[in-house]
Every structure is written in C-alpha cells, then in structure tokens.
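# Chains, contacts and geometry: an overview
Okay, here's what each chain looks like letter by letter:
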Amino acid sequence: MIAYLSLFQLKPQVTEEKLEQMMSQTRVMLLRVPEVLAVKTGKRVNSADPWPWFVYLEVETMDKLAICQDDPYYIKFREEVLKPNISEQESTAFEMEPRKDVKYS
C-alpha cells in the first residue's frame, strides 16, 4: 500500500475561503480516480509551519500511482486546483506495509 504525500506553498492571492474551496475540489476530483483508495487534505494549524496545505493519497502500488496521475480527473485537479494556486510543491511516496520490500511496491 502506497501513501503519496504532497505539501504545498500557496500563491499570495489564495485566501482562506479559496483554500477551503480547493480542499473540497480536491476531494471531489480525486475520489473519482478509480486507483485512489483514500484522499485526505488539510491546512496547517500553526502559522509558523512551512507548508500551509497538504494532499494525501492512498493507492495499492507505485504502478497504480502512475496510472492515477495520468487519469483525466487527476489532470483536471492539477490544471484547475494546483496550477493557478500553488507556488511550490514537495511530494514523496511511502510504503505502508511492514516488512514489505519497497522494490516490489
């Protein structure tokens, strides 16, 4: 099982209301992707933390993550939610099953 975590910096024009809208759009769009098992998104609690927003996805394998990222709903998410509102992104994938060799993920 793969956890894919993305942390985002927001462009200056993104208001609190816009961020709330982005969070809702993210859930709606990404839950339509068949390979996505779970979507979580949230905003920072402490304003001193460096990343104001995150998106977390669960998929079965790295291959399914690649398929997910080519899905029309994921592409629409990138174009409509991320591209106009994000200035910087950091993403990484994690294997969540104990004792599973990551080369088989």
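One structure accompanies this document, and this report is about it. (Residues numbered from 1 in each chain as written. Predicted model: local features only at pLDDT ≥ 70, side-chain atom pairs only at ≥ 80, totals over all residues. Heavy atoms only, no water.)

Read across the sheet, 4 strands follow the order E2-E3-E1-E4 without closing on themselves; strand pairing throughout is antiparallel. Edge positions in the sheet fall to strand E2 (38-43) and strand E4 (86-95), since each of these pairs with one other strand and no more. Sheet twist, expressed as the mean angle between neighbouring strand axes with direction ignored, is 15°. As paired elements, E2 and strand E3 (residues 53-59) share 6 bridges and run antiparallel to each other. Opposite Lys40, over in E3, you have Tyr56 as the bridge partner. Each of strand E1 (2-10), E2, E3 and E4 is contacted by helix H1 (residues 16-30), which is oriented at about 175° to E2, the strand it contacts most. Running at roughly 180° to E3, helix H3 (residues 72-82) makes contact with E1, E3 and E4 of the sheet. (Pairing = 2+ DSSP bridges. Helix = DSSP H or I, 4+ residues; strand = E, 2+ residues; numbered from the N terminus. Axes fitted to C-alpha atoms, helices over the stretch in contact; angles between N-to-C directions. Contact = heavy atoms within 4.5 Å.)

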